[in-house]
Structure formats: structure tokens, C-alpha cells
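# Reading the structure
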Amino acid sequence: MSNTFSRGDVERVARLARLELTAEEKDLFARQLAEILAYAEQIQQVPTEGVEPTSHAGDAAALRDDRVVPSLPREEVLAAAPDADPSTGLFKVPRVLG
Amino acid sequence: MDVPIDVQSIRDAVARREVSAVDVCRAALERIAALDPVLNAFRFVARERALARAAELDSRRDGQNLPLLGVPIALKDNMCTRGVPTTASSRILENYTPPYNATVVNRLEAAGAIIVGKTNCDEFAMGSSTENSAYGPTRNPWALDRTPGGSSGGSAAAVASGMVPLALGSDTGGSIRQPAALCGVVGFKPSYGRVSRYGLLAFASSLDQIGPFAASVKDVALVLSALAGHDPCDSTSSQVVVPDFSAALASDGDLHGLRIGVPRHLFREGVDAEVMQAFDAAVEVTRNRGAEIVEVTLEHSPEAIPVYYVIATAEASANLARYDGVRYGYRADDATTLGEMYDRTRGRGFGREVKRRIILGTYVLSAGYYDAYYRKAQQVRTLIRRDYDRAFTNADVIAMPTSPTAAFKLGERTEDPVQMYLSDVFTVGANLAGLPGISVPCGFTTTRIPIGLQFTGRTMEDATVLRVAHAYERATSWSKERPVVAPELSR
């Protein structure tokens, strides 16, 4: 595992995360993430062969019946959106294809 | 009119009609108005809503038995309140007013509490100083040039300065306990699953837990009884029966028969000398109350911080994908395509620390790195849980300093993420293992900055943790000390 984290790495991951970054942020994050990953490297030294991963700390999630119950009123939900068409009940977004 | 300051006395006085809920509410609102220009503990004060609710309680004839009747409470700004702005201190939710209540809001109001406002925090609860708020930092009531800790710094400062007797925070890696320690109040992170998180804006779902701040352990126990219990809207909330937390506090503060584990091997470096001194003195107090002090080992604790930052950022990168400018919150309005709208909305709506964590979390989950970072961290998490299981065969609770240092200065750690992350070195373990943990005041530095003592217990043994903390608190007077924020403003 290498501890370098380049500006190109930041750009690649930012694309995956759908995050526009400024040039300054790309440089800053490349430097800081290299430091954070170098610090995180210590977990590689811990022997974990055959150890089950823990994904959550509680009991197993409680199951419930799959029943239809009332949800939030559509008009109130749409009212919170940056752009919506209440008459058709749709969220509006810019065109999908560039 | 003298308004009592502790929760039980307020409740009793309102129930006996010695004071009205409206008067109690007004006193809190006045104190907020006087102090908040200095402290910036509040994001939003719900003045009219709170007064209307207080008037309604005063007009009811059946309110005498409500456990939190007329008690003002502040909520961290990451808990949804219907009709009241909820921003998580982020620009991306600047204009968001939720159409629904978090379960804790409904439970508090059913118990007679009055929500007076929303408190400042690190953006999406990511931070240890409240400096990552998009709306300016909160100041520590004990020293205005210092941070209140974080991420629930606004809630801690609001209780410490006497604006409200109660507040809720959320704790993902220490975000209730660390600010409680830095502000000299009591802060409790319940066991994972003890309190419903429905309506809490999610940061890291396998770690997040809601809990209270108060001036005493007794007040924490009172509000916890109102909050705890299974909620069908949160499938991770536990079905384990909720005990009477107030009844669990031993009235005589006796600790005979109780074993307190101390992992001394973790204190060899990085812990401030004054913090260590206060901690050692606190352990002696519990010994004098009858507790047996035993040495315990938490072998993998040194790895807890990196494990935490891999897991928490991975989960955050998934949870924060929902903020895309489509259904709520901010949208960049200069994009011509959907993809551009996503990129710009998120790039401009999120602050630096949130973006840093989304990048880190996305990276550790990405192809080629998942096994080396994310899966590895989950395996070490298992080892950390096993360490606690082993320690709890020899001890009933574990005592540690809450934070390795007292409150640090504003700006001191903002340029160095790793240094900031180390603030949580003693608190993240409880989140990784799902354990209950409390911070209680245990002294001051020579410059009169508070120091906190942490007790951690077995999962779902929240009552034991409260009992020990209460016994310690009874034997000392640290919890009674209050800061004077500005002499001309004090009551």
C-alpha cells in the first residue's frame, strides 16, 4: 500500500463522488489525504486472518411486516424541493443528457 | 421570578403551578438572547413555537404527571423538527424545513418538554470543535477564545452557560462526550440502538447515537427514560426492555461490589498532565466510595482512531449521496445538465471537512482499496469489540479521561486533520463496540478549563454507567461549578 495520494487520485475519486472541487481543494486534499492514509496504515500491521468483519454494533436489525402505511404528504415533500411541479407530482431537474 | 435550574425542580414547580411553563420558557429565551451573540450556540431559536407550546401546557389540566413538564430543551441542528429549520450546520441544507419530526422530538414533546431551538454543530456532525459549522464556530463558555469541542458543541455550550437545562446531541465518535468534557457538563452516549435515530440526519449509521447533555447525571437519567425504547421507524433501535434509569441511581452513592477497569497502558503518551492528575484523583474518589479498581487491557485501542476514520468516512460517503440538489436543500442554479448540477451543488453546498471525508470514504470503498482499508477496518473493529468483551469479564465499567486535553484554542487544530481526529482517542471505542459512555466533570486545569471523566459500560447496561457516574458526582462538587460568561449577564 503506498502512502502517496496525487491530485489525479483526488480528481478520480471526486468524479465517483460527484463533487466539484477547486484547484486549491484538489492540492490541499491530495496532501492531507496522503497524511491521513499514512496514519491509517497502522491497521495494516494488525493480524486479522480469519477474523469476521463487524458491520454494525447492535443486535441484528429488527424485521417487520411488509405493510403499506401512510407516508409524508406529497405536496409537503415537493414544497421542500428546489424545483418541482406539484400539479404532476414531479421533481424537476436540468436535462439529463449533455 | 426565580426559575429553578435543574430538570426535576423545574418539572415539579410547573406541575405544582408555582411557576408557569411560559415563565420558564421566557427565562430560557431571555438568557439565550443575552448570551448567544457571544457564544453562537444556537442556529435557530424557535421562540414563537416554544411559547405557544408552553401556553398550551399551562392550559392543560392533565399535565402534572408528565416527566419533563415545561422543561426547555435545545436540539442539535441535525435532528428533524417539523416546521423548524434543520441544517446540520451545512450550506447544503440552508433553506431546509423538514415536513416531519424525528422520533426524539415526538417523545420529548409527549413527555412535556419544550423545544426552544436548534444548536450549532460541526457540519453534518463531522468534527471535534464545532469550527466546521458553515455558520461560524461556537465559543466555550469557560474561555471565549477556546472551542466547546464537537461536534455537538452548541448543545454543550447551551447547557454549560445555563441557557437551557437540557439539550440533545449525537455521538458518532465522541461528539456528545468530548464537548461535555470540554464545557464542564454531563454528556451521555447511550448504547447503540437504545434511542431511535429516525429523523437524525445520518453521518455513519453503524456508529451514530442520540443522547442528552445536562448539568447532572440525575437529569440525564430523567430525559433518557423519555427517549429510550424501540421505534418501528428505526430498525436498528433495540427491543430490549427499558429500565427506570432514575431508579437505577443509588441514592447513597455506594460503589461496593463494583469493579472499575482502568486501561493504564493507553495513558503513556499524549495525555495532558493536568488531565491525568484529575483522572487519577477521580479514580481514588470511586475507590473511596467502595469500588474495586482493576487494571484492564484494550490491546487494539491504539488502532481505534484509524479504524474509526475509515469506517465513518465510508458510511458518510454513502449517507451524504442523498444531498444532490433534487429533493431538498441547496441547488447550484447555473448548471445546464443533471450531472453538472450534482457536481456543483455538492461542491459548493458542502464545506471542506465534509468534502475531505467524502473523498476519503469514497476512496476506501473504491475498487482495489475496499479489502485493504474498509474490510480490514471492519476486522480490526471486531478485535476492538473482543477487547472490550474481555475487559468486561474483569470489570463492570471502564474509566478513562474523556479527552486527552482540556478545551483547545479556536483555530489551533483546523489545519491539521489528524491532530483534530486524535481528540477522540478515548471516545471512539464505545461507538465501534456499541457501548454506553458518559462524561462527567472531574476538575479544572490551572487556568480553570474543565476536565472530563468517562465511564464506559457493557452494551445495554446504560443504567450501570449512570449509577457509577452519579455516585462519583455525588462525592464531588465539580458538576455544580458554572462559568461566568460575562459578569454583567449572569443571573
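Treat the numbers as computed from the prediction; the structure is a model and nothing was measured.

What follows deals with the overall build of chain B. Helix and strand counts for chain B stand at 16 helices and 11 strands. The C-alpha atoms of chain B give 21 Å as radius of gyration, which agrees with the globular expectation for 491 residues (23 Å, within 12%). Each principal axis of the C-alpha atoms in chain B carries an extent, and together these give about 65 × 55 × 45 Å. Buried positions account for 63% of the 491 residues belonging to chain B.

The subject of this paragraph is the overall build of chain A. Per the secondary structure count, chain A includes 3 helices and 2 strands. Reading the secondary structure of chain A in the N-to-C direction produces α-α-α-β-β. Computed over C-alpha atoms, the radius of gyration of chain A comes to 22 Å, more than 25% over the 13 Å expected from 2.2 N^0.38 for 98 residues, which places it beyond the range of a compact globule. Along the three orthogonal principal directions, the C-alpha set of chain A runs to about 55 × 45 × 20 Å. Within chain A, the fraction of its 98 residues that count as buried is 18%. For chain A, long-range pairs separated by at least 24 residues make up 36% of all intrachain contacts whose partners lie at least 6 apart in sequence.

For the rest of this paragraph, the subject is helix 13 (residues 370–394) of chain B. Across its 25 residues, helix 13 of chain B extends 36 Å between first and last C-alpha, which sits within 8% of the 36 Å expected from 1.5 Å per residue. Of all the bends in helix 13 of chain B, the greatest, near 30 degrees, is centred on B:Lys376.

As a further point, take the confidence of the model for chain B. Detailed reading of the predicted model is not advised wherever pLDDT is low. Averaged over every residue, the pLDDT of chain B is 95; the share at 70 or more is 99%. If you check the scores for this complex, the pTM reads 0.97 and the ipTM reads 0.94.

Let's shift gears to the packing of helix 10 (residues 304–319) of chain B against helix 12 (residues 352–365) of chain B. Residue and element names in this part refer to chain B. At a closest axis distance of 7 Å, the pairing of helix 10 and helix 12 adopts a crossing angle of 100 degrees. Taken together, helix 10 and helix 12 sit at an angle that is classed as roughly perpendicular. Along its contact with helix 10, which presents Val310, Thr313, Ala314, Ala316 and Ser317, the element helix 12 presents Arg357, Ile358, Leu360, Gly361, Thr362, Val364 and Leu365. Per-class residue counts for the contact of helix 10 with helix 12 are 7 nonpolar, 4 polar and 1 charged.

Before going further, it helps to spend a moment on the interface of chain A and chain B. Taken together, the contact between chain A and chain B spans 47 residues of the former and 59 residues of the latter. Every element with two or more residues in the side of chain A that touches chain B is listed here: helix 1 (7–16), helix 2 (23–40) and helix 3 (74–79) of chain A. Ranked by the residues each element gives to the side of chain A that touches chain B, the list is headed by helix 2 of chain A, at 8 residues. Across the side of chain A that touches chain B, the residue classes break down as 29 nonpolar, 9 polar and 9 charged.

All names here are of chain B. A large share of strand 9 (residues 397–401) lies buried, amounting to 5 of its 5 residues. In terms of strand pairing, strand 7 (residues 259–262) meets strand 9 through 2 bridges, oriented parallel. When the bridges of strand 9 are listed, Ile260 appears paired with Val397. Here 5 bridges tie strand 9 to strand 11 (residues 450–457), and the two strands are oriented antiparallel to one another. Bridged to Ile398 within strand 11 is Thr456.

So, on to the sheet that holds strand 2 (residues 72–76) of chain B. Residue and element names in this part refer to chain B. The sheet built from 11 strands is open, its strands ordered 1-3-2-4-6-5-10-11-9-7-8 with mixed pairing. Each edge of the sheet is formed by a strand with only one pairing partner; in this case those strands are strand 1 (42–45) and strand 8 (292–295). The sheet shows a mean angle of 30 degrees between the axes of neighbouring strands, taken without regard to direction.

This brings us to the nonpolar core. Membership of the largest hydrophobic core comes to 174 residues, with the highest contact counts inside it found for B:Ile73, B:Val116, B:Val159 and B:Val186. The residues contacting B:Val186, other than those within four sequence positions of it, are B:Ala180, B:Phe213, B:Ala214, B:Ala215, B:Ser216, B:Val217, B:Val220, B:Ile438, B:Ser439, B:Val440 and B:Ser479.

Now for helix 2 (residues 21–39) of chain B. Residues and elements named next belong to chain B. The first and last C-alpha atoms of helix 2 sit 25 Å apart over 19 residues, in line with the 27 Å expected at 1.5 Å per residue. In the structure, helix 2 departs most strongly from a straight axis at Ala33, where the bend amounts to approximately 35 degrees and where the proline Pro37 lies between one and four residues downstream. Among the residues of helix 2, Ala21, Val22, Val24, Cys25, Ala27, Ala28, Leu29, Arg31, Ile32, Leu35, Asp36 and Leu39 are the ones counted as buried. Packed against the buried residues of helix 2 are helix 1 (7–15), strand 1, helix 3 (47–59), strand 2, strand 3 (114–119) and helix 5 (153–160). With its phi angle positive at about 55 degrees, Asn40 sits one or two positions after the end of helix 2.

Let's shift gears to the packing of helix 1 of chain A against helix 12 of chain B. Packing of helix 1 of chain A against helix 12 of chain B leaves a shortest axis separation of 9 Å and a crossing angle of 90 degrees. It follows that helix 1 of chain A is roughly perpendicular to helix 12 of chain B by the angle criterion. Facing A:Val10, A:Val13, A:Ala14 and A:Leu16 of helix 1 of chain A, the residues of helix 12 of chain B in contact are B:Ile359, B:Thr362 and B:Tyr363. Of the residues belonging to the contact of helix 1 of chain A with helix 12 of chain B, the class tally is 6 nonpolar, 1 polar and no charged.

Conventions and cut-offs
- Residues numbered from 1 in each chain as written.
- Chains lettered and ligands numbered in written order.
- Predicted model: local features only at pLDDT ≥ 70, side-chain atom pairs only at ≥ 80, totals over all residues.
- Helix = DSSP H or I, 4+ residues; strand = E, 2+ residues; numbered from the N terminus.
- Rg over C-alpha atoms; globule rule 2.2 N^0.38 Å.
- Buried ≥ 20, exposed ≤ 12 C-beta atoms within 10 Å, placed from the backbone.
- Contact = placed C-beta atoms within 7 Å.
- Expected span 1.5 Å × (residues − 1).
- Bend = angle between axes of the 7 residues up to and from the residue.
- pLDDT = per-residue confidence, 0-100.
- Axes fitted to C-alpha atoms, helices over the stretch in contact; angles between N-to-C directions.
- Parallel < 35°, antiparallel > 145°, perpendicular 65-115°, else oblique.
- Nonpolar A, V, L, I, M, F, W, Y, C, P; charged D, E, K, R; others polar.
- Pairing = 2+ DSSP bridges.
- Core = buried A, V, L, I, M, F, W, Y, C linked by C-beta atoms within 7 Å.

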